[in-house]
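Read off the chains here:
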Amino acid sequence: MSGKSLMRVNLTTGAVSTEPLKEAWLKDFIGGRGYATKLLFEELSPGVDPLSPENKLVLAVGPLSGSNVPTGGRSMAATKSPLTGFIACSNTGGQWGAEFARTGNAFLVVEGRAEKPVYLWIKDDRVEIRDAGAVWGQDTAVTTDRLPKEVGDDRAKVACIGPAGERGSKIACIVNDKTRAMGRSGVGAVMGAKNLKAVVVRGSKTWTAVDPEGLKEALRIGMQKIKENGVTSQGLPAYGTAVLVNIVNAAGSFPYRNFQSGFMPEADRQSGETLAATLLTGKRACYACPIACGRGTKVGDKEGEGPEYESTWSLGANCGVVELETITLANYLCNELGLDTISAGGTVSAAMELYEKGFLPASDLEGGPKPRFGSGEALLYWVEKMGKAEGRLGRLLAEGSARLCEAYGHPEFSITVKKQELPAYDPRGIQGIGLTYATSNRGACHVRGYMISAEVLGVPQKLDPWVTEGKPEWTKAFNDLTAAIDSSGMCLFTSFALSADDYAAFLKAGAGLIGSTEELMRCGERIWNLERLFNLREGLDPKKDDTLPKRLLEEPLPDGAAKGMVSRVPEMMPEYYRARGWDERGVPTEAKLRELGLEVREGP
C-alpha cells in the first residue's frame with residue numbers, strides 16, 4: 001500500500017492528522033481487517049465501553065481496494081462491538097471503498113465524540129468536520145442523496161447511519177451507496193455514539209500495480225477461472241445469492257420459524273428464480289465486479305436493491321413470512337433505517353416465538369399488530385419500531401434477540417452465538433458451518449469460514465454435510481483464507497473460483513505484499529489469532545462462548561432431508577483447538593504465538 005496513509009479524526013477536539021502506514025504491520029496483517037484489528041488491539045484499553053468516546057471506529061480498505069483486480073472495491077468497519085463485547089469487523093461492497101481508496105487513505109480512525117451531530121467530508125488529503133443537523137434523523141437514502149449536493153460534488157460517495165444507529169441500536173449497521181452495508185455486530189451504533197452521521201468521500205488518485213506485467217498474468221489466470229466456474233459465471237449472475245434458497249431448503253437446512261424447523265414448504269416462492277421472474281429490474285454490480293450478484297428490484301412504485309439470500313431468509317422463512325413482496329419491502333426498510341437484516345429478522349422471529357408461546361404480554365405491543373409467525377403486517381411494523389427504538393417492545397427489539405429474550409425470561413429463544421444472531425443455514429444439517437458459527441471471532445457468522453461452499457456447493461470439493469470428520473481442519477483453513485481475503489480488499493465470493501495461490505499472486509504483483517501462498521495463509525492465521533487474543537482480553541469464556549444455542553445441540557430437526565439431526569459441535573471443538581495450536585481451554589499457546597510472531601500485551 002505504498003503511498004497510502006492513515007487518517008485520524010478526533011471528534012472531541014476536532015484534531016485531524018495523517019500518518020504513514022507501518023510496513024511491519026502490512027507485512028504481517030496485509031491491510032483492511034488485519035491491520036485494523038492490530039490497531040485496535042494496540043490502542044484500545046481492555047474493557048472499554050463500546051459506546052463510549054474512548055472506543056475507536058476504523059473504516060478501512062485493503063491494498064487491492066480501488067484496483068482493477070476483480071471485486072477489488074471492498075471496505076470495512078472495525079471496532080469493539082456493542083452487541084457482542086468482542087472484536088467487530090463488518091465488510092461491504094458497493095462503490096464507497098474504491099472511492100475512499102482514491103483519496104490516498106487506507107484507514108480512517110475516528111476517535112472521541114462530537115458535541116453535536118456531524119459528518120466528515122474527505123476529498124483526497126483534505127478533511128472537514130461539518131454540521132450534520134440537517135440530516136440527523138433522516139434515513140440513509142435521504143442522507144445519501146442530500147450530502148453530495150451539500151458538498152458540491154455529485155460524484156462523492158456516502159457511508160452513513162440511519163435512525164437505528166443514531167438511537168444506539170446494537171444491531172445497527174453503516175450503509176453505503178444506499179443499499180450496501182457494513183452490516184454486522186452493531187458498528188452503526190458505535191458511529192452513532194460518536195455523533196457521526198456520515199463519511200462522504202471523493203478521491204482523484206489512481207491505483208498502480210507494483211508489477212504491472214505480473215499482475216496482468218495473474219488477472220488473466222484469475223478471470224479465466226471466474227468465467228469457467230458455475231457459481232461465479234452462472235448461478236450468482238443469473239439469480240443472485242438467493243439462488244441458494246431452494247438448494248439449502250432441499251438440504252433440510254433452511255431455518256424456519258426461528259430455527260424450529262429446517263424446511264419451508266413454500267420456499268420456492270421467495271427463491272432467486274422467483275425473484276428473477278417477478279420483481280427483478282436488473283443486475284447490480286459492485287466496483288470492479290465481474291459477477292454482479294446484486295439485484296435491482298421493484299415492488300409497486302418503490303424501487304431498491306435486494307433482498308440478498310440472507311435477508312430473504314431472515315425476514316422471510318425465519319419469520320414464517322412467505323410473500324416475496326413483503327420480504328423485499330422489509331429489506332428496503334432495513335436499509336433505510338440502517339439495520340443489519342440478519343439480526344433484524346432473527347430478533348423479530350424471537351419475538352414471534354415469545355409471543356406465540358405466551359411469554360410476551362399483549363400489553364407490551366401498545367396497540368401494534370400481534371407478532372405471529374407468517375404475519376407480514378407484523379414484520380413490517382416491528383422492523384420500523386425496532387429501527388426507531390420506539391415503544392417498550394421497539395426499544396427491546398433494537399437491543400437484539402439475546403437481550404430481548406433475557407428481558408422476557410427465556411434466553412433459549414435467542415438463536416445467537418456471542419449474542420449475535422445466526423445466519424441462514426441450520427447447523428444441525430450442515431455440521432461444519434455449526435463449527436464456524438461457534439468459533440467465529442465476531443459472533444455467529446457464515447462468512448468467517450464459509451463451509452457451505454464445500455458442504456453444500458462442493459467447492460473446492462464436496463464434503464458430506466452430515467459428518468464431523470475432517471471438519472475442524474477444513475474450518476480452520478476457511479477461517480484463515482477468509483481473513484486474508486478480507487484484508488486484501490477483495491470479495492469472498494471470488495473464492496468459489498479462485499484459490500489461495502491466486503490471492504497471493506494478486507497481492508504480490510499488485511501491492512508488493514505476500515511472497516507465497518504459505519505466507520498468505522500464515523497472515524490469515526495470524527489475524528485470526530490476534531482477534532482471539534482481543535476477545536480473550538475482553539473476557540471471552542471459550543467454554544461458554546464457543547458453542548451453539550441449546551435448541552441446535554439438543555432438539556433434532558423435525559422434518560426435511562436432515563430430519564432427526566442435531567449439531568455435533570461439542571465433538572468437533574477439541575480437534576479444532578488442536579488444529580489451531582491452542583490448549584484444551586481454547587487459548588493460543590505460547591508456542592503458537594511465538595510461531596506467528598504475536599506478542600501478548602494487555603493494551604496501551
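Scroll up to find the structure this text is about.
Going along each chain's sequence as written, the residues are numbered from 1 onward. In keeping with the predicted nature of the model, local features appear solely for residues at pLDDT of at least 70, side-chain atom pairs appear and are counted solely at 80 or more, and the whole-chain, interface and lining totals rest on all residues. Derived side-chain values reflect all non-hydrogen atoms in the structure, with water molecules and hydrogen atoms excluded from consideration.

Colleague: Looking at this structure, I do not really get the overall build of the protein. What am I missing?
Modeller: In terms of helices and strands, the protein carries 25 helices and 17 strands. Against the globule reference of 25 Å for 604 residues, the protein gives a C-alpha radius of gyration of 22 Å, in line with a compact fold. Principal axes of the C-alpha set define a box for the protein whose edges measure 60 × 55 × 50 Å. A 1.4 Å probe rolled over the protein chains alone gives each residue an accessible area, and that area as a share of the maximum for its type sets the label: buried under 20%, exposed over 50%, partly exposed in between. Scored against the burial criterion, the 604 residues of the protein give a buried share of 65%. Considering only intrachain contacts with a sequence separation of at least 6, the fraction spanning at least 24 residues in the protein is 68%. To measure how exposed things are, a 1.4 Å probe is used in the Shrake-Rupley method; for residues, cover is taken only from the protein chains shown. Total accessible area on the protein is roughly 20,100 Å²; 49% of this is exposed by carbon and sulfur atoms. Lys and Arg are tallied as positive, Asp and Glu as negative. Neither His nor the chain termini are counted. For the purpose of locating charges, the reference atoms are NZ of Lys, CZ of Arg, CG of Asp and CD of Glu. Taken together, the 72 basic and 76 acidic charged side chains of the protein have centroids lying 2 Å from each other. Put simply, DSSP H or I for four residues or longer makes a helix, DSSP E for two residues or longer makes a strand, and each gets a number counted from the N terminus. Radius of gyration here uses only the C-alpha atoms, and the compact-globule reference equals 2.2 Å multiplied by the residue count raised to the power 0.38. Contacts were defined at the residue level, with two residues in contact if any of their heavy atoms lie within 4.5 Å.

Colleague: Please explain the environment of Ala189 as it appears in this structure.
Modeller: Summarising the element assignment, Ala189 is placed in helix 6 (residues 187-193). A relative accessible area of 1% places Ala189 in the buried class. In this structure, the C-alpha to C-alpha distance between Ala189 and Cys89, residues 100 residues apart in sequence, is 13 Å. Discounting residues that sit within four places of it in the chain, Ala189 has contacts with Leu51, Pro82, Gly165, Gly168, Ser169 and Ala172.

Colleague: Help me out: how do you make sense of the side chain of Thr92 in this one?
Modeller: With respect to the element layout, Thr92 can be found in strand 5 (residues 87-92). According to the relative accessible area criterion, Thr92 is buried, its value standing at 1%. Two N or O atoms count as a polar contact when they lie within 3.5 Å, although within protein this holds only if one can serve as hydrogen donor and the other as acceptor, and sequence-adjacent residues are included solely when both atoms are side-chain atoms. Among the polar contacts listed, one links the side chain of Thr92 to the side chain of Asn176, at a separation of 2.7 Å. Once residues lying within four places of it in the same chain are set aside, the contact partners of Thr92 are Arg74, Ser75, Asn176, Arg180, Ala181 and Met182.

Colleague: Sorry, what's going on with unusual backbone geometry here?
Modeller: A negative phi angle is the norm for most residues apart from glycine, just as the trans form is the norm for most peptide bonds. Along the chain, Gly306 connects to Pro307 via a cis peptide bond; the corresponding omega equals 15°. Position of Pro307 among the secondary structure elements: in the loop between strand 15 (302-305) and helix 11 (309-315). A cis amide bond links Val459 with the next residue in sequence, Pro460, at an omega value of 0°. By secondary structure assignment, the location of Pro460 is in the loop between helix 18 (452-455) and helix 19 (471-488).

Colleague: Even after reading the chapter, I still don't get the nonpolar core, so can you show me in this structure?
Modeller: Generally speaking, soluble globular proteins have nonpolar side chains that are buried together. Definition used in this section: a nonpolar core is a set of buried Ala, Val, Leu, Ile, Met, Phe, Trp, Tyr and Cys residues joined via side-chain atoms within 4.5 Å. Ranked by internal contacts, the top residues of the largest apolar core, which has 129 residues, are Leu108, Ile174, Val199, Tyr425 and Leu520. When near neighbours in sequence (up to four residues on either side) are disregarded, Leu108 contacts Met7, Val9, Leu57, Val58, Leu59, Phe100, Leu120, Ile122 and Val199. By size, the runner-up hydrophobic cluster in this structure holds 35 residues, among which are Leu333, Tyr355, Leu360 and Cys405.

Colleague: Sorry, what's going on with the packing of aromatic side chains here?
Modeller: To describe a pair of aromatic rings, one takes the distance between the centres and the angle between the planes. Geometry of aromatic contacts follows a simple scheme: Phe, Tyr and Trp rings, the Trp one being its six-membered ring, pair when their centres are within 6.5 Å, and the pair is stacked under 30 degrees between planes, edge-to-face over 60, tilted otherwise. Inspection of the entire model under this criterion finds 14 aromatic pairs. Ring centres of Trp96 and Phe100 lie 5.2 Å apart, and the angle between their planes is 10°; this geometry places the pair in the stacked category. Of this pair, Trp96 and Phe100 are both found in helix 3 (residues 96-101), 4 residues apart, which corresponds to roughly one turn of the helix. Taken as a pair, Trp96 and Phe100 share a single burial class, namely buried. A centroid spacing of 4.8 Å and a plane angle of 85° characterise the contact between Tyr381 and Trp382, whose relative ring orientation is edge-to-face. Residue classification places Trp382 among the buried residues on the basis of a relative accessible area of 3%. Two conditions define a charge sitting above a ring: the NZ of Lys or the CZ of Arg must be within 6 Å of the ring centre, and it must be within 35 degrees of the ring normal. One residue, Lys22, lies across the ring of Trp25, its end atom 5.3 Å from the ring centre. When the ring centre of Phe41 is taken as reference, the NZ or CZ atom of Arg537 above it lies at 4.4 Å.

Colleague: Would you explain the pattern of salt bridges in this entry?
Modeller: Any two side chains of opposite charge can pair if their charged atoms end up close together. The working definition used for a salt bridge is a side-chain nitrogen of Lys or Arg within 4 Å of a carboxyl oxygen of Asp or Glu. Taken as a whole and assessed by the stated rule, the structure comprises 48 salt bridges. As a salt-bridge pair, Arg551 and Glu353 come within 2.6 Å of each other at their nearest N and O atoms. With Arg551 in helix 23 (residues 550-554) and Glu353 in helix 13 (residues 341-356), this residue pair connects regions lying 198 residues apart in the sequence. In this structure, a network of salt bridges that share partners links the residues Lys476, Asp480, Arg522, Glu525, Arg580, Lys592 and Glu595.

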